[in-house]
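Examining the three-dimensional arrangement
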Amino acid sequence: METIEVQVGTYVVGNGGIVQDSRRPVVFEGEEVAKHTEYFYDNGQRLSDTRGVTQTLYRVSDGRLVVHVEEWSRWQGEPNYYTLVGVTEEDLGVGGHFEALGREAGYGRPLTLDEALTPREQE
């Protein structure tokens with residue numbers, strides 16, 4: 001295990017380069033298990049690298065699983081949000097809030113046929 005330091009809070013770069021930083025450090029013993037980045041779509045509905053979310057899964061020395069979530073933007077005046085969330089293996093599995101991160105970490109499994117079928121719209 002190693003000493004991990006992450007930030008929680010918000011960070012914004014405003015006009016003229018002014019910075020408002022309300023982040024606070026969090027330090028714990030653990031190990032990084034997996035990381036997943038998802039990019040958002042711009043107004044033209046095209047995938048863009050200017051906004052997104054990066055999730056990092058850690059196993060803490062006491063066995064807990066936590067996810068550091070960074071919702072980021074490269075646009076001036078838009079805040080970056082940093083949070084730390086306690087999760088379970090269920091959260092990392094199929095249908096869980098952190099399913100994509102769970103797949104990166106080896107918690108995923110193939111979908112069943114019923115899970116993969118798209119429901120028909122009512123006629």
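These lines cover the structure that appears in this document, whether it is placed above or below. (Residues numbered from 1 in each chain as written. Predicted model: local features only at pLDDT ≥ 70, side-chain atom pairs only at ≥ 80, totals over all residues. Heavy atoms only, no water.)

1. Remarks on the pattern of salt bridges
Our working definition: We define a salt bridge as a contact between a side-chain nitrogen of Lys or Arg and a carboxyl oxygen of Asp or Glu at a distance within 4 Å. For every residue, the accessible area obtained with a 1.4 Å probe (protein chains only) is divided by the maximum for its type, and the residue is called buried under 20%, exposed over 50%, and partly exposed between those limits.
For the structure on display, the rule yields seven salt bridges. We note a salt bridge from D21 to R23, for which the minimum N-O separation is 3.0 Å. On the basis of relative accessible area, D21 is assigned to the partly exposed category, the value being 41%. The partly exposed category is assigned to R23, whose relative accessible area is 27%. For E115, the salt bridge identified is with R109, shortest N-O distance 2.8 Å.

2. Topic: the nonpolar core
Our working definition: The definition of a nonpolar core used throughout is a set of buried Ala, Val, Leu, Ile, Met, Phe, Trp, Tyr and Cys residues joined through side-chain atoms within 4.5 Å. Helix and strand definitions here come from DSSP, where helices need a minimum of 4 consecutive H or I residues and strands a minimum of 2 consecutive E residues; each element is numbered from the N-terminal end. Two residues qualify as a contact provided that any one of their heavy atoms is within 4.5 Å of a heavy atom in the partner residue.
Counting residues in hydrophobic clusters, the biggest one holds 10 residues: A34, V53, L57, L65, V67, V69, V87, L92, F98 and L101. It is strand β5 (residues 65-73) that contributes the most residues to this core, three residues altogether. If near-sequence neighbours (up to four positions away) are discounted, L65 is found in contact with L57, Y58, R59, V85, G86, V87, E89, L92 and Y107. Within the second largest apolar cluster, six residues are counted, among which are I4, F28, Y58 and V60.

3. A look at a nonpolar patch on the surface
To be explicit about the condition: Patch members must show over 30% relative accessible area and no salt bridge, and they are joined within 9 Å when carrying like charges or within 5 Å when they are nonpolar side chains of Val, Leu, Ile, Met, Phe, Trp or Tyr. Method for areas: the Shrake-Rupley scheme with a 1.4 Å probe, in which residue coverage is limited to the protein chains shown.
On the surface, a nonpolar cluster with roughly 350 Å² of combined accessible area is contributed by Y39, Y41 and L47. Within the secondary structure layout, L47 lies in strand β4 (residues 47-60). Given the relative accessible area of 56%, L47 is considered exposed.

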